[in-house]
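Breakdown of the fold
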Amino acid sequence: MITEITVEDTSGQRLDQYLSERTELGLSRTYLGRLIKEQEILVNGKTAKASTRVKIGDQIRLDIPEPETLDVEPENIPLDIVYEDADLLIVNKPKGMVVHPAAGHYTGTLVNAVMYHCGRELSSINGVLRPGIVHRIDKNTTGLLVVCKNDHAHQSLAAQLKAHTITRKYAAIVVGNIREDEGTVDAPLARSRTDRKKQAIDELNGRRAVTHYRVLERFGEYTLIECVLETGRTHQIRVHMASIKHPVLGDDVYGPKSCPFHLEGQCLHAKTLGFIHPSTGQYVEFDSDYPEYFTKLLVKLRERRAGK
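A brief report on the enclosed structure follows. Model, not experiment: these values are computed from the prediction. (Residues numbered from 1 in each chain as written. Predicted model: local features only at pLDDT ≥ 70, side-chain atom pairs only at ≥ 80, totals over all residues. Heavy atoms only, no water.)

1. Some details on the overall build of the protein chain
Formally: In this text, helices come from DSSP runs of H or I with a minimum length of four residues, and strands from runs of E with a minimum of two, each type numbered from the N-terminal end. When we talk radius of gyration, it's over C-alpha atoms, and the globule rule is simply 2.2 Å times the number of residues to the 0.38. Throughout this description, buried means an accessible area under 20% of the type-specific maximum (1.4 Å probe, protein chains only), exposed means over 50%, and partly exposed covers the range between.
A count of helices and strands for the protein chain gives six helices and 15 strands. A globule of 308 residues ought to have a C-alpha radius of gyration of about 19 Å, and the protein chain, at 20 Å, matches this closely. For the protein chain, the spread of C-alpha atoms along the three principal axes comes to 70 × 45 × 40 Å. The buried share of the protein chain, taken over its 308 residues, is 48%.

Here's what the structure looks like:
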């Protein structure tokens, strides 16, 4: 499918960023980067780089391939479905489940499960490995995730994500006693220059990232907090909390390598998700209970605090 765009308003953005913010395209920055590398995107009739700065008057031509036949196989994996209608699916993802297929994880993912549940009734915007996926949460983060069944729903949710109007509240148990009752971390994030698997605060090249937090319960050595995302960058809460010396408990990437509670990854749960429904235009909000491991840990921490 050929799409042509004339740049009418820009502040010298990178090509991939400019196109990712065109909500009518509904394409992720990663997918756009791949199209640019494959020379499927031209600027003024010439090949370009993702880092090319676009300017007013530029003619951008995109040759977006038709959706490929998906090689990922549907798998009969049980899903904790919180809500479902003709447009979308709200799923409560368990710990240990990867959201979409990638190197080393081509089976057992959320995508494998929703393909079995929905058949081919999933949006195709984010390529063949991420059908229906608008946003994701980390493998060892639990909680709510929206899956889109059609491109209209996907474009609507993607636009709301871009505008930062989706409600996303997380519960986390962090190391240490946070002194203030609430606060905000406003620090830009980018891929780490020393470890490509990690994210890092990068004032020069990072994208703005904002996390608001408030204390829910104190345990002396640990604190239960609620985090509200204003933006949604990769590993945002984990990096931001580590940056203020309160890493998420169990996070062996950004926090201490050892954990006294023998946890499987970080204590982070996507508890609340709210947005404007793509068809009804009404605001809807969904909430989930803490997972079992989280609840058991809270019981242990309360017993320790009480001296039991």
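2. Focus on the pairing of strand 13 (residues 222-229)
For the record, the criterion: A pair of strands is considered paired only if DSSP assigns at least 2 bridges between the two.
With seven of its eight residues buried, strand 13 lies for the most part within the structure. Of the pairings in the sheet, the one linking strand 8 (residues 167-175) to strand 13 comprises seven bridges and is antiparallel in character. For Ala171, the partnering residue across the bridge sits in strand 13 and is Glu226. Relative to strand 13, strand 12 (residues 210-218) runs antiparallel, the two sharing seven bridges. Following the sheet pairing, His212 is matched in strand 13 by Val228.

3. A closer look at unusual backbone geometry
Unusually for a residue other than glycine, Lys245 sits at a positive phi of about 70 degrees. For Lys245, the position within the fold is in the loop between helix 5 (236-243) and strand 14 (268-276). Judged by relative accessible area, which is 68%, Lys245 ranks as exposed. For His262, which is not glycine, the phi torsion reads 55 degrees and is therefore positive. Mapping His262 onto the fold places it in the loop between helix 5 and strand 14.

4. Thoughts on the sheet that holds strand 4 (residues 59-63)
With antiparallel pairing, four strands are arranged side by side in an open sheet as 1-4-2-3. Of all strands in the sheet, those with a lone pairing partner are strand 1 (2-6) and strand 3 (46-47), marking the two edges. The pairing of strand 1 with strand 4 spans five bridges and is antiparallel. Bridge pairing in strand 4 links Glu4 to Arg61.

Function cannot be read off these values alone, since they describe shape.
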